[in-house]
Amino acid sequence: MQSHEVRKRFLDFFVERGHKLYPSSSLVPHNDPTVLLTTAGMQQFITYFTGQERPPTPRGTSVQKCFRTVDLEEVGDSTHLTFFEMLGNFSFGDYFKKEAIEWAWEFLTEELKLPPERLWITIFEGNEDAPEDLEAKEHWMRCGVPEERIFGLPRSENWWGPPGDTGPCGPCSEVYYDYGEDLSRGDPQADPKYGPGGDEGDPRFNEIWNLVFNQYEQHKDGTLTPLARPGIDTGMGFERTVAVVQNVRSVYESDLYAPIFERIRQTSGATMGSSEESDRTLYILADHARAMAFLIADGVRPGNQRREYVLRRIIRRATLQAYGRLGIGAEGVADLAEVVVDHMGDVYEELKEAREDIRHVVVAEAARFIEIYDSGMGLLEAEIQRLPGGHFPGDVAFMLHDTYGFPVEVTEEVLAERGISLDEAGFEEAMRLQRERARGALQGHERLVAAFRDREIKSRFVGYEREQVETTVLAVEEAPGSEAGEELHVVLAENPFYATGGGQVADEGWISSEHGQLEVFDVVPAGDYQIIRARRQRGDIEAGDAVTASINRVRRQQIEANHTATHILHWALRAVLGKDVVQACSRSPRTSPFATTRPPWRRLGTSGR
Ligand code: SER
């Protein structure tokens, strides 16, 4: 049975049983800020489960695009995926365990014609929060599953949800496919660790379907309350099920990935099964080609945060394999994503609509990474030449990684090929120091804000109308660690200094009174007030003082001009290149990237350190 047939049969089966057919929702969840990407079919229905919204029909079914990042680094073995499809049937306060179990059984054994004796079941074994799920067990046994093929598992295994910190959840029951005793590591009847869901259950048992019995709502503090109307959320792993139906061991051997492998073969000659290393490359490319195509089609663009970063990693990881191992360039990587469009565009129209975007985005990101790769290789080469040999310093590997984005795995590989060892401890140490610096900066900001936290102060920002004001000092603190009280933090009743925000840097200027003068060098927003960071120029300033606060007008004008220019540039770039151009930040003339010193290229070059 072909994969598209499995999809169709599933949906038909549940539509015939009164389920409304829902299209997959986007990989970018629009109703749930607690999750990065859509990870399960039930996500688009959360408000139906919690009762916040009334579902148009009490039953639904869907094939949902899902993306899980937890296993990203594992992709490359024969089982892990980032992007996958989930087949699901849902009851919003309508049917419950009996029907869910009976239909699951019927679908697997009659529609997909899987041999019943190959299906094993797990149920929730119970704990202090909820009892053992004997009801589920009984329904499975009524379907004909013998008791010895039903295993109770703890909450860590057989409890689902909520997908973020809060929301619907409950015990679940899973269906496993048994690939045969010859793959067994031990007797499941003697020790459940060899059974389905057990630590040693692989590779014999393959989980294909998870039936979640939503009975509870989890709250922020972790407590559970019963849902007013319990419901059903099931998720069948589409790729795994297709593999089982097509009688192959790995998802990658199913028809779902075949066109991608075929394209790789045409471009580079690489085929599956020549070595473990090359299979890893092929698996990564196959998974990531789908991942990038679908993420881009749902509007994600590469970047440095959240889901944007996921996409960047995906494209870069794929490019590393394609370019580094098979000599496939940026266009070639985009070709693989386009194979996905050709192959799946009939099921997911958005892929076809985004065909050009997918190409552009992949080519641009992959080409950028190839540049990094090439120059990183050059730097690495130069450094290897310079070294006495045998050992490679960890801090240099870290700089390649941190400053140039050159993956440390590649450094390691190149070194290993030459018989040079990497000082891993040194690398870890450099990494730790970097983290510490970042944390230090964060704590610095927290400390700054904390010093004023419990005071009821409010300042009024008047900097749009006025460049100079006569006002009163509401609070003053000496900056922690400032030598001889040189740096002060000040809050004013009326504040003309713009605080960093909206992509614009803070104003600078002066605060002066009869007794003293401060030079303002930074302003930090803190809710109801702005904290003005200033250096003492002469005398002293205290809370209650009447002061004159004036901004550095020339500098402000430059910032304004610069800021306006970035908006104009942004507008122009969008007009020429398209709506994907986003502005993330603009800097003042003084902190412009052109004025800052360049990163320390030379340290890594042949000129020595
Ligand atoms: N939400 C459950 C899962 O993701 C079942 O759909 O496994």
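The structure presented is a predicted model; accordingly, all values stated were derived computationally and were not measured. (Residues numbered from 1 in each chain as written. Predicted model: local features only at pLDDT ≥ 70, side-chain atom pairs only at ≥ 80, totals over all residues. Heavy atoms only, no water.)

**Regarding a negative patch on the surface**
Thought 1: Taken together, the side chains of E409, E412, E424 and E428 present a region of like negative charge at the surface.
Thought 2: Taken together, the elements giving at least two residues each to the negative patch come down to α13 (408–417) and α14 (424–450).
Thought 3: You can see E409 is positioned in helix α13.
Thought 4: For E409, a relative accessible area of 42% puts it in the partly exposed group. (Patch = residues over 30% accessible without salt bridge, like charges linked within 9 Å, V, L, I, M, F, W, Y side chains within 5 Å. Areas by Shrake-Rupley, 256 points an atom, 1.4 Å probe, with all protein chains shown as cover. Salt bridge = Lys/Arg side-chain N within 4 Å of Asp/Glu carboxyl O. Lys, Arg positive; Asp, Glu negative; His and termini not counted. Charge placed at Lys NZ, Arg CZ, Asp CG, Glu CD. Helix = DSSP H or I, 4+ residues; strand = E, 2+ residues; numbered from the N terminus. Buried < 20%, exposed > 50% of the residue type's maximum accessible area, 1.4 Å probe, protein only.)

**So, the sheet that holds strand β16 (residues 509–512)**
Consider a sheet: its strands pair through backbone hydrogen bonds, and that pairing is either parallel or antiparallel.
Thought 1: Taken in spatial order, the six strands close into a barrel running β13-β14-β18-β17-β16-β19, and their pairing is antiparallel. Adjacent strand axes in the sheet meet at a mean angle of 45° when their direction is disregarded.
Thought 2: In this structure, strand β13 (residues 468–478) lies alongside strand β19 (residues 546–551), joined through five bridges in antiparallel fashion. Residue T471 lies in a different strand from β19, and its bridge partner there is V547.
Thought 3: Across the face of the sheet, α14 comes into contact with β14 (487–492), β17 (516–526) and β18 (529–539) while running at roughly 90° to β18. (Pairing = 2+ DSSP bridges. Axes fitted to C-alpha atoms, helices over the stretch in contact; angles between N-to-C directions. Contact = heavy atoms within 4.5 Å.)

**Description of helix α3 (residues 97–111)**
Thought 1: Taking 1.5 Å per residue as the helical rise, α3 with its 15 residues ought to reach 21 Å, and the 20 Å between its terminal C-alpha atoms agrees with that figure.
Thought 2: Of the positions making up α3, those classed as buried are K97, A100, I101, W103, A104, W105, F107, L108 and T109.
Thought 3: Immediately downstream of α3, the backbone of K113 shows phi near 55°, a positive value. (Expected span 1.5 Å × (residues − 1).)

**Here's the deal with the pairing of β13**
Thought 1: In this sheet, β14 lies alongside β13 in antiparallel orientation, the contact comprising five bridges. Directly across from V473, in β14, lies its bridge partner L492.

**Describing helix α5 (residues 238–245)**
Thought 1: Where burial is concerned, most of α5 is hidden: seven out of the eight residues are buried.
Thought 2: Those residues of α5 that sit buried are F238, E239, T241, V242, A243, V244 and V245.
Thought 3: Tucked inside the fold, the buried residues of α5 contact α1 (3–16), β3 (83–91), β7 (167–178), β8 (205–218), β9 (224–237) and α7 (276–297).
Thought 4: Among the residues trailing α5, N247 stands out with phi positive, at a value near 60°.

Interpretation note: all reported values are geometric properties and have no functional meaning in isolation.
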